[in-house]
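Each chain, written out:
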Amino acid sequence: MIFLIIFSLFLLYIFDLLYWKRRNLPAGPTPLPIIGNLYLMTDGVKPGYKMYQNLKDKYGPVFTFWLANLPMVTVTDWKLIKQHFIKDGANFVGRPEFPINIEIRKGPYGIVESHGDRWVQQRRFALHILRDFGLGKNLMEEKVLSEVTAMIESVQKNKEDIDLQNLFDASVGSVINNLLFGYRYDETNMEEFLELKSLMNKHFKQTAEPIGAMLIMYPWIGKLPILSGYKKIVTDSWEGLLKMFRKQAEEKLATINYDSDEYSDYVEAFLKERKKHEHEEGYGGYEMEQLDSVCFDLWVAGMETTSNTLYWSLLYVLLNPKVLERVYEELDTKIGSDRIITTTDRPNLNYINATINESQRLANLLPMNISRTTACDLEIGGYSIPKGTVITPQICTVLYDPEIFPEPYEFRPERFLESDGSLKKVEELVPFSIGKRQCLGEGLARMELFLFFSNLFNKFHIQFHESNPSPTIEKDCGVTMKAKNFRVVVKERH
Ligand code: HEM
């Protein structure tokens, strides 16, 4: 009898897994109990582009991928992404709540993972502060340029043999840290930066693995003996970052002058806004937990993405001598000296802009974009998608779509040039994603990529170090893709 009950329950479970819970979803690979489709994320398809391409070929442009027990509708086709996520953007602004993330953040705080009124309020506030720094006072460019100058000085001290990844990390890290907390990294506090970077790397390295996804969906598995150490790495690294950010905020709080509305960094602006809401419940959305999480989101999203893209661009250009030659040629004809290049030079450096675009496309930094949730019942590609469904515009398949970018794995800046040499606007170039959740730091990132790239190549003739004459373009997987480390030799050009 007991056997019969267990057997019937098992059959019910299989019926539910294979048919019932999939009946209203777009087709996709069969999910296995507990792990869903995570079994597809094998080393052979890492970092994931191939997996999505294979699924697109088999099931069409819209399919369901099961992240453990969570069905994620995945949209891979540019026309559908544009039609829905851009033109009907308001219906794709939600974010799913992942239990472990909520546990660490102490609630759905921050920007990247918040939703509803909190997200609207905090995204607006962040954009306001960024604009104030960037447009109103042009402080942002000044801050980036001072990091460019510092980077050049560091390169000058190590011309014979240097790995620029560390330098890019520290420079881009200084830009975002300066914006958030009002100070940069130098020899006196480099240890703090390296500690933050190491915590961040540990966290992302672990969460990008299938086991990390399991932990996100089932935090309780972290209580199992073998996996507890694993969970500890994921949570400790994130909590370590939050603690360091809170310490900074508290130091600021101790000396803040509320008599003036002026602010010189993000945390100060936030704390002054918080003061205005002190009589409201939960400080009207400006809780200290919110500040911790925003610092985390901006520091993490603003650091690795930009620094890794710069490193990829260096690698791709050095591996393509004809591109390198054209970069130098443009700098010689349009700039013609070792002066610092600023954003006013941007419209004159089309080839460099095209090279940065192509680097972003080929680096294809996020093989798994951040998911959204739908705000109402809707239809995509002939499928009815109910309200609250987790859905992902998979930008990586667009950036490698051979119909849009022929021979997508080739590095060709010319894709982004018109026949008269002017910069071509290609709407499918979407490394910052699309719609209302599009990257909040796009303006800053673009400015950094342009200023670091153009000034580096303007100052130096760069070639691979003899220890790595032809480095690999294989990607090192994390949440964003890293190039494997390589060393270069530089000479002054002027
Ligand atoms: C090359 C550099 C960068 C790339 C490729 C990049 C890419 C992305 C992508 C693909 C998303 C996901 C959008 C979606 O949900 O569909 C995103 C979101 C985000 N990015 Fe960036 N990003 C970069 C730099 C930055 C910088 C410098 C900052 C901060 C100053 C930043 C802050 C954010 C934030 C806060 C979000 C979440 C937006 C929201 O949920 O409303 N990013 N970024």
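Looking at an unreviewed UniProt entry, one finds the chain named CYtochrome P450 family and attributed to Caenorhabditis remanei. Taken verbatim from the UniProt record of the chain, the Cofactor (unreviewed entry) comment is "heme".

Peer 1: When you look at the site of the ligand in this model, what are you seeing that I'm missing?
Peer 2: Looking at the ligand, there are 27 residues lining it, with R123, R372, S433, R437 and C439 nearest. Within the side chain of R372, one N or O atom sits 2.7 Å away from an oxygen atom of the ligand. At the level of secondary structure, the elements contributing two or more residues to the shell around the ligand comprise α5 (116-136), α12 (288-319) and α16 (442-459). Class assignment for the residues of the shell around the ligand results in 15 nonpolar, 8 polar and 4 charged.

Peer 1: Looking at this model, I keep getting lost on the pairing of strand β1 (residues 62-67). Mind explaining?
Peer 2: The two faces of the sheet receive side chains in turn, since in a regular strand these alternate between them. The element β1 is extensively covered by neighbouring structure, given that 6 of its 6 residues are classed as buried. Alternating positions in β1 separate into two faces, V62, T64 and W66 on one and F63, F65 and L67 on the other, with burial throughout. Here β1 pairs with strand β2 (residues 70-75) via 6 bridges, running antiparallel. If you follow F65 over to β2, its bridge partner there is M72. In textbook terms, the turn of a hairpin is the stretch between consecutive antiparallel strands, and for β1 and β2 this stretch comprises 2 residues, one of which, A68, has a positive phi near 55 degrees.

Peer 1: What should I look at first to understand the pattern of salt bridges in this one?
Peer 2: Any two side chains of opposite charge can pair, on the condition that their charged atoms come close. One pass over the structure, following the stated rule, counts 27 salt bridges. Residue E287 pairs with R118 through a salt bridge whose shortest N-O separation is 2.9 Å. Here E287 is found in the loop between α11 (266-276) and α12, whereas its partner R118 is found in helix α5, with 169 residues between them in sequence. Residue E287 is classed as buried on the basis of its relative accessible area of 13%. With its nearest N and O atoms 2.6 Å apart, the salt bridge here joins D161 to R487.

Peer 1: Before we go on, may I ask you to explain the layout of surface pockets in this structure?
Peer 2: A probe matching the size of a water molecule, rolled over the atoms, marks out where space remains unfilled. In this structure, the largest pocket spans a volume of roughly 510 Å³. Along its surface, the largest pocket is lined by 22 residues, and S154, L167, A170, E187 and M190 are the ones closest to its centre. Of all elements in the fold, only α6 (139-157), α7 (164-181) and α8 (190-207) reach the threshold of two or more residues within the lining of the largest pocket. The element contributing the most residues to the lining of the largest pocket is α6, with 6 residues. Considered class by class, the residues forming the lining of the largest pocket number 9 nonpolar, 5 polar and 8 charged.

Peer 1: I would appreciate a short explanation of the packing of helix α10 (residues 225-255) against α11 in the present structure.
Peer 2: Each pair of packed helices can be described by the angle between their axes along with the distance between the axes. Interaxial distance between α10 and α11 falls to 10 Å at its minimum, and their mutual angle equals 60 degrees. The two elements α10 and α11 cross, and the hand of that crossing is right-handed. Counting all contacts with α10, which are made through A249, K252 and L253, the residues of α11 involved are V267, E268 and L271. Here the residues of the contact of α10 with α11 are counted per class, giving 4 nonpolar, no polar and 2 charged.

Peer 1: Quick question: what am I supposed to make of the sheet that holds β1 here?
Peer 2: What holds strands together in a sheet is hydrogen bonding between their backbones, with the strands either parallel or antiparallel. The 4 strands lie next to each other as β1-β2-β6-β3, forming an open sheet whose pairing is mixed. Every interior strand has two partners, whereas the edge strands, β1 and β3 (372-373), have only one. Two elements, β2 and strand β6 (residues 390-393), share 4 bridges in a ladder whose sense is parallel. Note on β6: the bridge partner recorded for V73 is I391. Taken strand by strand, helix α2 (residues 49-59) contacts β1 and β2, and its axis lies near 130 degrees from that of β1.

Peer 1: It is not clear to me how the UniProt feature "binding site: heme" (unreviewed entry) in the chain should be interpreted in this structure. Could you clarify?
Peer 2: Those residues carrying the UniProt feature "binding site: heme" (unreviewed entry) are C439 in this numbering. With respect to the helices and strands, C439 occurs in the loop between α15 (395-399) and α16. Leaving out residues up to four positions away in the same chain, C439 has contacts with R123 and F432.

Peer 1: What's the story with the packing of aromatic side chains in this structure? I'm lost.
Peer 2: Think of a pair of aromatic rings as described by two things: how far the centres are apart, and how the planes are tilted against each other in angle. Going through the model one piece at a time under the given rule, you end up with 25 aromatic pairs. A ring pair is formed by F125 and Y266, whose centres lie 5.8 Å apart and whose planes are at 75 degrees; its orientation type is edge-to-face. On the criterion of sequence distance, the pair formed by F125 in helix α5 and Y266 in helix α11 is long-range, its members being 141 residues apart. Taken together, a centroid distance of 5.7 Å and an interplanar angle of 85 degrees make the contact between F464 and F486 edge-to-face. Taken together, the residues F464 in strand β7 (residues 460-464) and F486 in the loop between β9 (482-483) and β10 (488-492) connect sequence positions 22 residues apart. In this pair, the class of F464 matches that of F486, namely buried. In this structure an aromatic cluster arises from ring pairing among F181, Y183, Y185, F193, F245 and W299. Positioned above the aromatic ring of F133 is the side chain of K143, whose terminal nitrogen or guanidinium carbon lies 4.9 Å from the ring centre. Seen from the ring of Y283, R274 lies directly overhead, with NZ or CZ sitting 3.6 Å from the centre.

The rules behind each value
- Residues numbered from 1 in each chain as written.
- Predicted model: local features only at pLDDT ≥ 70, side-chain atom pairs only at ≥ 80, totals over all residues.
- Heavy atoms only, no water.
- UniProt positions renumbered as here; feature names shortened; annotations may be inferred.
- Near = heavy atom within 4 Å.
- Polar contact = N/O pair within 3.5 Å; in protein donor to acceptor, adjacent residues only side chain to side chain.
- Helix = DSSP H or I, 4+ residues; strand = E, 2+ residues; numbered from the N terminus.
- Nonpolar A, V, L, I, M, F, W, Y, C, P; charged D, E, K, R; others polar.
- Buried < 20%, exposed > 50% of the residue type's maximum accessible area, 1.4 Å probe, protein only.
- Pairing = 2+ DSSP bridges.
- Salt bridge = Lys/Arg side-chain N within 4 Å of Asp/Glu carboxyl O.
- 1 Å grid on protein atoms, 1.4 Å probe; cavity = no way out; pocket = protein on both sides within 12 Å on 5 of 7 lines; lining within 4 Å.
- Points joined across faces, edges and corners; volume = space filled by probe spheres on them.
- Axes fitted to C-alpha atoms, helices over the stretch in contact; angles between N-to-C directions.
- Left-handed = near helix turned anticlockwise from the far one by under 90°.
- Contact = heavy atoms within 4.5 Å.
- Phe/Tyr/Trp six-rings, centres within 6.5 Å; stacked < 30°, edge-to-face > 60°.
- Lys NZ or Arg CZ within 6 Å of the ring centre and 35° of its normal.

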